[in-house]
Amino acid sequence: MVFFVSLVPYFIYLFLKTTKNLQMLQQNRYNRGNKYLKWVKSHLKKNFLNWDLFGFLLLFLIRRPFFELLFFFYMLALIALSFYEYKRRVTKLPLKYTGRILRLLVTLFVLYLTPFLGLLIDETLCFILFVFMLYLNAFVVVLANSLNFPIEKMINYYFKMKSLKRLKSFKNLDVIGVTGSYGKTSSKNILYDVLSVKFNPLKTPKNYNTPFGLMITINDYLDKFHDYFIAEMGACKKNEIKELCDLVHPKYGILTKIGMAHLETFGSQETIIKTKFELIESLPKEGLGVLNADDENQVNYALKNTCPILWIGIDNKEKADIYADEIQLSSEGTTFTCHFKKEKETLVIQTRLLGRANIYNLLAAIALGKHLGLTQEQLELGVKKVKPIEHRLNMKKYYDMVLIDDAYNANIEGAKMALDVLNLSKGKKIVISSGIIELGALSYETNKELGKYMVGRVDVAILIGEKQTKPIYEGLIEKKFKKENLYVVPTIQEGLNLLNKIKEKETYILLQSDLPDIFNES
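Here's what I pulled together on the structure shown here. Everything quoted here is computed from the prediction, not taken from an experiment. (Residues numbered from 1 in each chain as written. Predicted model: local features only at pLDDT ≥ 70, side-chain atom pairs only at ≥ 80, totals over all residues. Heavy atoms only, no water.)

**Side note on the side chain of Asp406**
For step 1, the next point in the chain: Examined against the element boundaries, Asp406 turns out to sit in strand β11 (residues 401-406).
For step 2, the next point in the chain: Taking relative accessible area as the criterion, Asp406 reaches 5% and is therefore assigned buried.
For step 3, the next point in the chain: What Asp406 contacts, discounting residues up to four positions off in sequence, is His391, Arg392, Leu393, Gly414, Ala418, Leu510, Leu511, Gln512 and Ser513. (Helix = DSSP H or I, 4+ residues; strand = E, 2+ residues; numbered from the N terminus. Buried < 20%, exposed > 50% of the residue type's maximum accessible area, 1.4 Å probe, protein only. Contact = heavy atoms within 4.5 Å.)

**Brief notes about the pattern of salt bridges**
For step 1, the next point in the chain: Under the counting rule described, the total for this entry stands at 16 salt bridges.
For step 2, the next point in the chain: For Glu152, the salt bridge is made with Arg103, and the minimal N-O distance between the two is 2.8 Å. You can see Glu152 sitting in helix α10 (residues 149-169) and its partner Arg103 sitting in helix α7 (residues 99-113), a full 49 residues away along the chain.
For step 3, the next point in the chain: By relative accessible area, Arg103 is classed as partly exposed at 28%.
For step 4, the next point in the chain: The partner of Lys396 in a salt bridge is Asp405, and the shortest N-O contact between them spans 3.2 Å.
For step 5, the next point in the chain: Salt bridges sharing common partners tie together Arg29, Arg32, Glu240 and Glu243. (Salt bridge = Lys/Arg side-chain N within 4 Å of Asp/Glu carboxyl O.)

**Thoughts on the pairing of strand β14 (residues 486-489)**
For step 1, the next point in the chain: Pairing of strand β13 (residues 460-464) with β14, which is carried by 4 bridges, proceeds in the parallel orientation. Among the inter-strand pairings, Ile462 is bridged to a residue of β14, identified as Tyr487.
For step 2, the next point in the chain: A crossover connection joins β13 to the parallel β14 through helix α21 (residues 470-478); in handedness this β-α-β unit is right-handed. (Pairing = 2+ DSSP bridges. Right-handed = clockwise from strand over helix to strand, strands pointing away.)

**Some details on the packing of aromatic side chains**
For step 1, the next point in the chain: Taken as a whole, this structure holds 13 aromatic pairs when the rule is applied.
For step 2, the next point in the chain: Summarising the aromatic geometry, the rings of Phe72 and Phe73 are spaced 5.3 Å apart at their centres and angled 90° between planes, so their arrangement reads as edge-to-face.
For step 3, the next point in the chain: Given the relative accessible area of 49%, Phe73 is considered partly exposed.
For step 4, the next point in the chain: Ring pairing ties together the aromatic residues Tyr10, Phe11, Phe116 and Phe130, which thus form one cluster.
For step 5, the next point in the chain: In this structure, Lys319 is placed above the aromatic ring of Trp311, and the distance from its NZ or CZ to the ring centre is 4.5 Å.
For step 6, the next point in the chain: Across the ring face of Tyr453, the terminal group of Arg457 is positioned such that the distance to the ring centre comes to 3.6 Å. (Phe/Tyr/Trp six-rings, centres within 6.5 Å; stacked < 30°, edge-to-face > 60°. Lys NZ or Arg CZ within 6 Å of the ring centre and 35° of its normal.)

**Some points on the pairing of strand β15 (residues 507-512)**
In the case of a regular strand, side chains alternate between the two sheet surfaces.
For step 1, the next point in the chain: In terms of burial, β15 is a largely internal element, 6 of the 6 residues being buried.
For step 2, the next point in the chain: Here β15 shows two buried faces, one formed by Thr507, Ile509 and Leu511 and the other by Tyr508, Leu510 and Gln512.
For step 3, the next point in the chain: Bridging between β11 and β15 involves 5 bridges; their strand directions are parallel. By the bridge assignment, Asp406 is partnered in β15 with Gln512.

**As for the nonpolar core**
For step 1, the next point in the chain: Counting residues in each nonpolar core, the largest one holds 39 residues, and the members touching the most others are Ile176, Cys338, Leu363 and Leu368.
For step 2, the next point in the chain: Considering each element in turn, this core owes the most residues, 9 residues, to helix α17 (residues 356-371).
For step 3, the next point in the chain: Beyond its immediate stretch of four places on either side in the chain, Cys338 contacts Ile322, Tyr323, Glu345, Thr346, Leu347, Ile349, Leu363 and Ile366.
For step 4, the next point in the chain: Among the nonpolar cores identified, the runner-up in size contains 35 residues, and Tyr10, Leu22, Tyr30 and Met75 belong to it. (Core = buried A, V, L, I, M, F, W, Y, C linked by side-chain atoms within 4.5 Å.)

**Examining the sheet that holds β11**
For step 1, the next point in the chain: One open sheet accounts for 6 strands, arranged β10-β11-β15-β12-β13-β14; its pairing is mixed. With partners counted over all chains shown, the strands left at the sheet margins are β10 (394-398) and β14, one partner each. For this sheet, the mean angle separating the axes of adjacent strands, direction not counted, is 20°. (Axes fitted to C-alpha atoms, helices over the stretch in contact; angles between N-to-C directions.)

**Some points on unusual backbone geometry**
For step 1, the next point in the chain: At Arg29, a residue that is not glycine, the phi angle is positive and equals roughly 55°.
For step 2, the next point in the chain: Overall, Arg29 belongs to the partly exposed group, its relative accessible area being 24%.
For step 3, the next point in the chain: In this structure, Asn239 is a non-glycine residue whose phi angle is positive, near 75°.
For step 4, the next point in the chain: Locating Asn239 in the fold gives a position in the loop between β3 (228-232) and α13 (240-248).

**A look at the environment of Pro94**
For step 1, the next point in the chain: As for its placement among the helices and strands, Pro94 is situated in the loop between α6 (66-88) and α7.
For step 2, the next point in the chain: In this structure the C-alpha to C-alpha distance between Pro94 and Met24, which are 70 residues apart in sequence, comes to 9.4 Å.
For step 3, the next point in the chain: Not counting residues within four places of it along the chain, the set of residues in contact with Pro94 comprises Gln23 and Gln26.

**Some thoughts on the packing of helix α2 (residues 8-27) against helix α9 (residues 137-147)**
Each packed pair of helices is defined by two parameters, the angle between the axes and the distance between the axes.
For step 1, the next point in the chain: Where α2 meets α9, the closest approach of the two axes is 10 Å, and the angle between their N-to-C directions is 60°. In the packing of α2 onto α9, the handedness of the crossing is right-handed. Contact residues: α2 offers Leu14, Lys17, Thr18, Asn21, Leu22 and Leu25, while α9 offers Asn137, Ala138, Val141 and Asn145.
For step 2, the next point in the chain: Its residues placed into classes, the contact of α2 with α9 shows 5 nonpolar, 4 polar and 1 charged. (Left-handed = near helix turned anticlockwise from the far one by under 90°. Nonpolar A, V, L, I, M, F, W, Y, C, P; charged D, E, K, R; others polar.)

**Remarks on α13**
For step 1, the next point in the chain: Every buried residue of α13 is accounted for by Glu240, Ile241, Leu244, Cys245, Leu247 and Val248. When α13 is viewed along its axis, its buried side chains cluster within an angular range of 160° and face the same direction.
For step 2, the next point in the chain: Count one or two residues on from α13 and you reach His249, which has phi positive near 50°. (Arc of directions from axis to C-beta.)

By themselves, these observations are geometric and do not establish any function.
Shown next, in the form of C-alpha cells:
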C-alpha cells in the first residue's frame, strides 16, 4: 500500500513534465525533420541537469523502507517547484489539446504503466523504471510519437481524400496560393480584404499553412458559396510547397519576397528559391503569377512555366507592371501612388499599414484584384478595409506607452524596416529583441548586422536571451552604443518589466521577434 501511495505525486509530476515536453514537440512540428530532437540537444542542461537527476541519488543512496517516504515528499516538492516556475514563466504558445495530442496522451499512458511489470521481479526494479521514465521523459515522448506515426499517417490520408473530394465538388471555385520566405500571412489577409469588396473569398485561418492546416480549412470552412480559396503555403524543406499545390491545385499565385528564413532546414538559399517557385511552376497556363521585381532572387530565376506573370515593385519600375512611388511613411500609416504601366492609370493609396513590406503586399493584392475584375473604386475601398495585422508592425497602446508589435517578424529586411518605423517616433525609442533564428551558419553575421543597424535608431535596447542575442550585443558595442542603455534579460516578461523603470513621458517600444517557448533560455 505504501508503495502505491508514494507513486501518486510521482504521476502528477510526470503529467506536468509530459505536458511541457508535448508543448515543445508540438512547437517543433511533431519532430518533423528531427526538429524536436534538435531542440532537446540544444537544451541538454534544461532537460537533464535538473532536479529529476536527484531522484537517482535518492534511489541508490537510500534503502527501503525509508525510500518510499522520501520519494513521496520529494515528488511533492518537485510539483511545488513546477507550479512556481509555471507562474513565473510567460507561455506564448500553450499546448493545444488537438486530436493528435490526445492520441499521444493515450499512448504515453500505456507506456507509463509498463514499469509496473517490474513488480513481477521486485519493487526496487519498478522504482528504477519509474525514475528512468521520468528522467528520460523527453525521449519517451519521442517514442510515443514514433509509435503513433502509422496511425497519424492513416488519419492524414483519410482527411486528404476527404478534402480532395470536397474541393473537386466546387466547380466554380478558384484557388489562390500565397507563399514566400516572409509576409505570407500579411499578404493573404490583405488580399482577402481587397477581394471581399466584390467576391466571397475564404482564407486559411491564422497560420494554417501546412497540408493538415489546408485540409482542416477545406473540410470545416469551405462551402459552395465561396468564389476563391486563398491558401497560405509554408515550407521548411524542398517539395513541401509542391505537396500543398498537389493538394489544392492553385490557379493563381503570389510570391512575396524570398529571403533566408529556415535556411537551417532548407540547407541552401538555392533550395529556398526553388521551393518557393514550386507554387508558380504549379500554376496552369490560364492562371497568373504575381512576382516581386525588387527581389533579385525572383528576377534572376529561370521560370519553368508559361503562365502569365504580373510584376510588382517599388525600385525596379522598368520591369514592374504595377509599381508604387511618392511614398510617404508616418507612424500613423502610409500613402503612395500606385501606377498601372500598361493602362497608364494611377491610384492614390492611403493605408494604416506601416512599412515597405506592406506596400509590396498591397501591390500584389491590387494586381491580382484588378486582374480578377475589380474596378479602381473597388480597389480603393478594399485597401481602406485592410486593418493592421496582429504582431506585424501593429501599433497599439501599452499602458501609457506606444507599442509597435512586430513580434512575428523573422527576417533581417523586415527587422530593419521595423527599426526605421520606430525611428519616425518623436519620443524615447526602445527595442525589445530576441534576434533572428533558423539561419544556420549565417545566424551570427545576420544578428550582428541587426545590432549595428539599431545604433542611431533606438535609445534603449533590451535583448532577450544572453546566448542567442550575443551577436546583436556585439554589433551594438562595435558601433559604440552606450552600455548603460543596453540590457540583457532571460525572458520577454523581464524585458517588459524593465519598461516602467526606463520609460519617459512619451515612449515608443518596438517588440521585435518575440520567439516561441522553444527558444527560452531560462
